[in-house]
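Coordinate analysis (summary)
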Amino acid sequence: MFATNLKRLLEFEQTSMTLTIAEKFLLLILRQDQPKYKVSEMQRNAGIVASILIDLQTQECIAFRDRKIQVLRPTTHLSSAHQQVLELIAASSKERKLYTWYFKLSNKVRLYRYELLEHLKSKGFVKVEEKKTWFVRYKHAYLIKENEQRQLSHNLKQAVSQRYPDDESMVSLLMLVFMGRMYKLLAEEKSQIKELRRTLKDRFANHELAKALERCYRDFEAAASG
């Protein structure tokens, strides 16, 4: 049993290295038993937008400076979704603020989500079914590798108390949890959720990007409810 679990862990770690933050986010929130997600549509969409931007920053395609997004290089091989976002930002006549792009990209988030799901499908993590209701086409995605999701969740929980985890992507995922208040992904009891909220708030108190994304999400919520 121990050898089997260790083998699965090593296989996941190797495969996980090839996943982007955006793909790991989707892997984390997908359900296995039904084509739904563990978070709300707003949290899901905001997480996709933010994770793509974080990926592009990590790959040094963009930089966040003075609350604006600056394009450093116009191409990326991360995924077609990442390239589309990068091209859209690069085509702007001027550098725009993060919250401006946050809202603009949210209008196309369905397309980006489908592109990312196809990537996960090609890597064997999800099953994607195309559906059609009247004249509307859409896709249903089902999680295939539940063990991998469980391991990712475990690693993320471990990273909560680690200032410098071995996998830097865990910090980015925690940033998304903090941004969208998606604490139930990592905690169940009210006391656990409260402690997690306090821990992440302290952790990202001086993190400019985390705070900027959290403000964007609050504005996103306000616009939707207004």
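Residues numbered from 1 in each chain as written. Predicted model: local features only at pLDDT ≥ 70, side-chain atom pairs only at ≥ 80, totals over all residues. Heavy atoms only, no water.

Along the backbone of the chain there are 10 helices and four strands. For the chain, the succession of helices and strands along the chain, N to C, is α-α-α-β-β-α-α-α-β-β-α-α-α-α. Taken against the 2.2 N^0.38 rule, which gives 17 Å for 226 residues, the C-alpha radius of gyration of the chain at 17 Å falls within 12% of a compact globule. Taking the principal axes of its C-alpha atoms as reference, the chain extends roughly 60 × 45 × 35 Å. Relative to its full complement of 226 residues, the chain shows a buried share of 45%. Across the chain, the fraction of contacts at a sequence separation of at least 24, relative to all contacts at a separation of at least 6, is 61%. Of the roughly 12800 Å² of accessible surface on the chain, a fraction of 48% belongs to carbon and sulfur atoms. Put simply, the chain has 40 plus and 27 minus side-chain charges, and the middle of one group is 5 Å from the middle of the other. (Helix = DSSP H or I, 4+ residues; strand = E, 2+ residues; numbered from the N terminus. Rg over C-alpha atoms; globule rule 2.2 N^0.38 Å. Buried < 20%, exposed > 50% of the residue type's maximum accessible area, 1.4 Å probe, protein only. Contact = heavy atoms within 4.5 Å. Areas by Shrake-Rupley, 256 points an atom, 1.4 Å probe, with all protein chains shown as cover. Lys, Arg positive; Asp, Glu negative; His and termini not counted. Charge placed at Lys NZ, Arg CZ, Asp CG, Glu CD.)

Of the residues in the chain, 92% reach a pLDDT of 70 or more, and the chain-wide mean stands at 89. Predicted confidence for residues 1–10 stays below pLDDT 50, and this span has two contacts to residues more than four positions away or in other chains. (pLDDT = per-residue confidence, 0-100.)

At D66, a position not held by glycine, the phi torsion is positive, near 55 degrees. Along the chain, D66 falls in the loop between β1 (62–65) and β2 (68–71). Judged by its relative accessible area of 73%, D66 is exposed. For R67, which is not glycine, the phi dihedral falls at a positive 65 degrees.

Our focus in this paragraph is the layout of surface pockets. Approximately 430 Å³ is the volume found for the largest pocket. Lining the largest pocket are 23 residues, and of these I21, D55, T58, Q59 and S169 sit closest to its centre. Broken down by secondary-structure element, the contributors of at least two residues to the lining of the largest pocket are α2 (21–29), α3 (41–58) and α8 (169–180). Tallied by class, the residues present in the lining of the largest pocket amount to eight nonpolar, 10 polar and five charged. (1 Å grid on protein atoms, 1.4 Å probe; cavity = no way out; pocket = protein on both sides within 12 Å on 5 of 7 lines; lining within 4 Å. Points joined across faces, edges and corners; volume = space filled by probe spheres on them. Nonpolar A, V, L, I, M, F, W, Y, C, P; charged D, E, K, R; others polar.)

Now for the nonpolar core. With 71 residues, the main nonpolar core has I52, L53, Y102, L176 and L213 as its most contacted residues. Among all residues touching I52, those that are not within four sequence positions of it are A22, A81, H82, V85, Y112 and L116. (Core = buried A, V, L, I, M, F, W, Y, C linked by side-chain atoms within 4.5 Å.)

Before going further, it helps to examine α2. With respect to burial, α2 is a largely interior element, nine of its nine residues being buried. Of the positions making up α2, those classed as buried are I21, A22, E23, K24, F25, L26, L27, L28 and I29.

A pair can form between side chains of opposite charge whenever their charged atoms are brought close. Counted according to the given criterion, the structure contains 10 salt bridges. Here E221 makes a salt bridge to R181, at a shortest N to O gap of 2.5 Å. With E221 in helix α10 (residues 208–225) and R181 in the loop between α8 and α9 (190–203), the pair connects residues that are 40 residues apart, well separated along the chain. Within this structure, K127, E129 and K131 form a network of salt bridges that share partners. (Salt bridge = Lys/Arg side-chain N within 4 Å of Asp/Glu carboxyl O.)

The subject of this paragraph is the environment of L156. Within the element layout of this structure, L156 appears in helix α7 (residues 146–159). By relative accessible area, L156 is classed as buried at 0%. Placed 18 residues apart in sequence, L156 and L174 show a C-alpha to C-alpha distance of 7.2 Å. Ignoring anything within four residues of it in the chain, the contact list for L156 reads L28, M170, L173, L174, V177 and L186.

So, on to the packing of aromatic side chains. Enumeration according to the criterion identifies four aromatic pairs in this entry. Ring centres 5.7 Å apart and planes at 85 degrees place the aromatic pair Y102 and F220 in the edge-to-face group. Taken together, the positions of Y102 in helix α5 (residues 98–106) and F220 in helix α10 put the pair 118 residues apart, joining distant regions of the chain. The buried category is assigned to Y102, whose relative accessible area is 0%. F220 gets classed as buried once you look at its relative accessible area, which sits at 15%. Taking the centre distance of 5.5 Å and the plane angle of 40 degrees together, the rings of F178 and F204 count as tilted. (Phe/Tyr/Trp six-rings, centres within 6.5 Å; stacked < 30°, edge-to-face > 60°.)

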